[in-house]
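Given next are the chains, with one letter for each unit.
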Amino acid sequence: MTLAGRIIAAAAAGLFAPAASAAAAALAAPDKRGRALSAVIGGQTVSLILGVPAGTYLAIASDWTMPFLAVAAGSLLAAALVRWLFPVMPSPGAVPLKERLAYLGRPAILSALLTTLLWGIAIFSVYTYIADLYGGLGAEGEAISLVLLVGGIASFAGVSLGGYAADRIGPAGTIALALSVLVVSLAAMSALHAAPGFGGLRGAALAAVALYGIGSYAFNPAQQHRLIGLSGPSAGIVLSLNASAIYLGSAGGAFLGGLVVKYGSAAMLGYFGGAWALMALALFGLSRLSGAGVRSGQPADG
């Protein structure tokens, strides 16, 4: 029953996320679209930072069912506030699955979605096993808690910076910068892990985590901004495909990262994730050089 409930909750989250991004982009002025998207994604990031300790506290203070009840009550409140505060927005109507998948035939959109997939594999292949990679920093529980705290704060900063930069320098420049930072930070994680006296390099290790959080989450609002520019009136459909790419990347990253830990070592995780981030950067660069967005008849993507 708990597993069934988790599947239903995950399906609801999958329905909500792209719709929220599309609504935020539609309600914001074009020059503030990146910041509007970062507000939506930032809310998700803050929920991760606060939700885990809050849920743990509720479970300890009461019983394990209390976090579930709190999430259900919070979701009902959020639904009521959306209904009350948001303007009624026109709906494009039902779009058949075949027509939705037809957007994958557009080179610019397909390359962007594949870039999202590679980015997801890069970040989740490492994040899922961050305890294995950073367990040598000292007292394991204390070290991992500090790493997750720094990473969470940096992720929120990255979302905000990504949205702001997308409005100022354009989504394309922001994506390239975010992926470059991600490649360097992931490689630094493995390099530091292999360095002599890793336990004494806490400052450098946390700096790498901070850069990882910023690079990882600065990408997302800029990528959504770019996809909206490429898809125009069909932004809601394309954003839903992007959400699917993120979920597929998170699942694939966790699976592949597990294979690295099992058949290799945790020290290889940063290099492994960095390679996927580098592939994402290369694919993005190739799509820009090919001018796929222009040839497909879509608007310029900044």
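This text follows the structure it describes.
Residues numbered from 1 in each chain as written. Predicted model: local features only at pLDDT ≥ 70, side-chain atom pairs only at ≥ 80, totals over all residues. Heavy atoms only, no water.

Scanning the protein from terminus to terminus reveals twelve helices and zero strands. Intrachain contacts of the protein at a sequence separation of at least 6 include 81% that bridge at least 24 residues. Roughly 15300 Å² of accessible area belongs to the protein as shown, and the carbon and sulfur atoms make up 74% of that amount. (Helix = DSSP H or I, 4+ residues; strand = E, 2+ residues; numbered from the N terminus. Contact = heavy atoms within 4.5 Å. Areas by Shrake-Rupley, 256 points an atom, 1.4 Å probe, with all protein chains shown as cover.)

We now examine the environment of leucine 133. For leucine 133, the location among the structural elements is in helix 6 (residues 130-134). We classify leucine 133 as buried; its relative accessible area is 0%. Sequence separation between leucine 133 and glycine 270 is 137 residues; the distance between their C-alpha atoms is 8.3 Å. (Buried < 20%, exposed > 50% of the residue type's maximum accessible area, 1.4 Å probe, protein only.)

On to the layout of surface pockets. The volume enclosed by the second largest pocket comes to roughly 1300 Å³. Forming the walls of the second largest pocket are 42 residues, and the residues nearest its centre are Ala19, Ala20, Ala22, Ala23 and Met89. At the level of elements, helix 1 (2-27), helix 2 (33-61), helix 3 (65-85), helix 4 (97-101) and helix 10 (235-263) are the ones that each hand at least two residues to the lining of the second largest pocket. With eleven residues, helix 1 is the single largest residue contributor to the lining of the second largest pocket. (1 Å grid on protein atoms, 1.4 Å probe; cavity = no way out; pocket = protein on both sides within 12 Å on 5 of 7 lines; lining within 4 Å. Points joined across faces, edges and corners; volume = space filled by probe spheres on them.)

Considering all chains together, one arrives at one salt bridge under this definition. The partner of arginine 35 in a salt bridge is aspartate 167, with the nearest N and O atoms 2.9 Å apart. Taken together, the residues arginine 35 in helix 2 and aspartate 167 in helix 7 (residues 140-168) connect sequence positions 132 residues apart. Among the residues examined, arginine 35 registers a relative accessible area of 34% and is labelled partly exposed. (Salt bridge = Lys/Arg side-chain N within 4 Å of Asp/Glu carboxyl O.)

Now for the packing of aromatic side chains. Under the definition given, this model contains three aromatic pairs. With a centroid separation of 5.7 Å and an interplanar angle of 85°, the aromatic rings of tryptophan 64 and phenylalanine 68 are classed as edge-to-face. Arranged with centres 4.8 Å apart and planes meeting at 25°, the rings of tryptophan 119 and phenylalanine 219 form a pair that is stacked. Taken together, the residues span a long stretch of sequence, with tryptophan 119 in helix 5 (residues 107-127) and phenylalanine 219 in helix 9 (residues 202-231) at a distance of 100 residues. The exposure classification of tryptophan 119 matches that of phenylalanine 219, with both residues buried. (Phe/Tyr/Trp six-rings, centres within 6.5 Å; stacked < 30°, edge-to-face > 60°.)

This part covers the packing of helix 10 against helix 11 (residues 269-290). Their axes nearest at 10 Å, the elements helix 10 and helix 11 cross at an angle of 145°. With respect to the hand of their crossing, helix 10 and helix 11 are arranged in right-handed fashion. Every residue of helix 11 that contacts helix 10 at Leu256, Gly257, Val260 and Val261 is listed here: Leu269, Phe272 and Trp276. Each residue belonging to the contact of helix 10 with helix 11 can be placed in one class, and the counts come to six nonpolar, one polar and no charged. (Axes fitted to C-alpha atoms, helices over the stretch in contact; angles between N-to-C directions. Left-handed = near helix turned anticlockwise from the far one by under 90°. Nonpolar A, V, L, I, M, F, W, Y, C, P; charged D, E, K, R; others polar.)

Bringing the environment of serine 125 into the picture now. Counting through the fold element by element, serine 125 comes out in helix 5. Under the relative-accessibility criterion, serine 125 is labelled buried at 0%. For serine 125 and leucine 259, which are 134 residues apart along the polypeptide, the C-alpha to C-alpha distance reads 9.6 Å. Look past the residues within four positions of serine 125 in its chain and what remains in contact with it is Gly253, Ala254, Gly257, Leu269, Phe272 and Gly273. In terms of polar contacts, serine 125 uses its side chain to reach the backbone carbonyl oxygen of isoleucine 121, at 2.9 Å. Reaching out from serine 125, the side chain makes a polar contact with the backbone oxygen of alanine 122 at a distance of 3.1 Å. (Polar contact = N/O pair within 3.5 Å; in protein donor to acceptor, adjacent residues only side chain to side chain.)

One finds Trp119, Val126, Tyr134, Leu179, Leu182, Leu186 and Met189 to be the most contacted residues of the largest nonpolar core, which totals 39 residues. Among the secondary structure elements, those contributing two or more residues to this core are helix 5, helix 6, helix 7, helix 8 (171-194), helix 9, helix 10 and helix 11. Setting aside its immediate chain neighbours within four residues, valine 126 contacts Leu133, Leu186, Met189, Leu269, Gly270 and Gly273. Listed in part, the ten residues of the second largest apolar core include Tyr103, Leu113, Leu227 and Leu241. (Core = buried A, V, L, I, M, F, W, Y, C linked by side-chain atoms within 4.5 Å.)

Attention now goes to a nonpolar patch on the surface. A grouping of Leu27, Leu77, Leu81, Val82, Trp84, Leu85, Phe86 and Met89 is seen on the molecular surface, where their side chains present a nonpolar patch of about 810 Å² in accessible area. Per element, the largest residue contribution to the nonpolar patch is five residues, and it comes from helix 3. With respect to the helices, strands and loops of the structure, methionine 89 is situated in the loop between helix 3 and helix 4. A residue is classified by how much of its surface remains accessible, and methionine 89, at 31% relative accessible area, is partly exposed. (Patch = residues over 30% accessible without salt bridge, like charges linked within 9 Å, V, L, I, M, F, W, Y side chains within 5 Å.)

Purely spatial values, then, with no claim about function.
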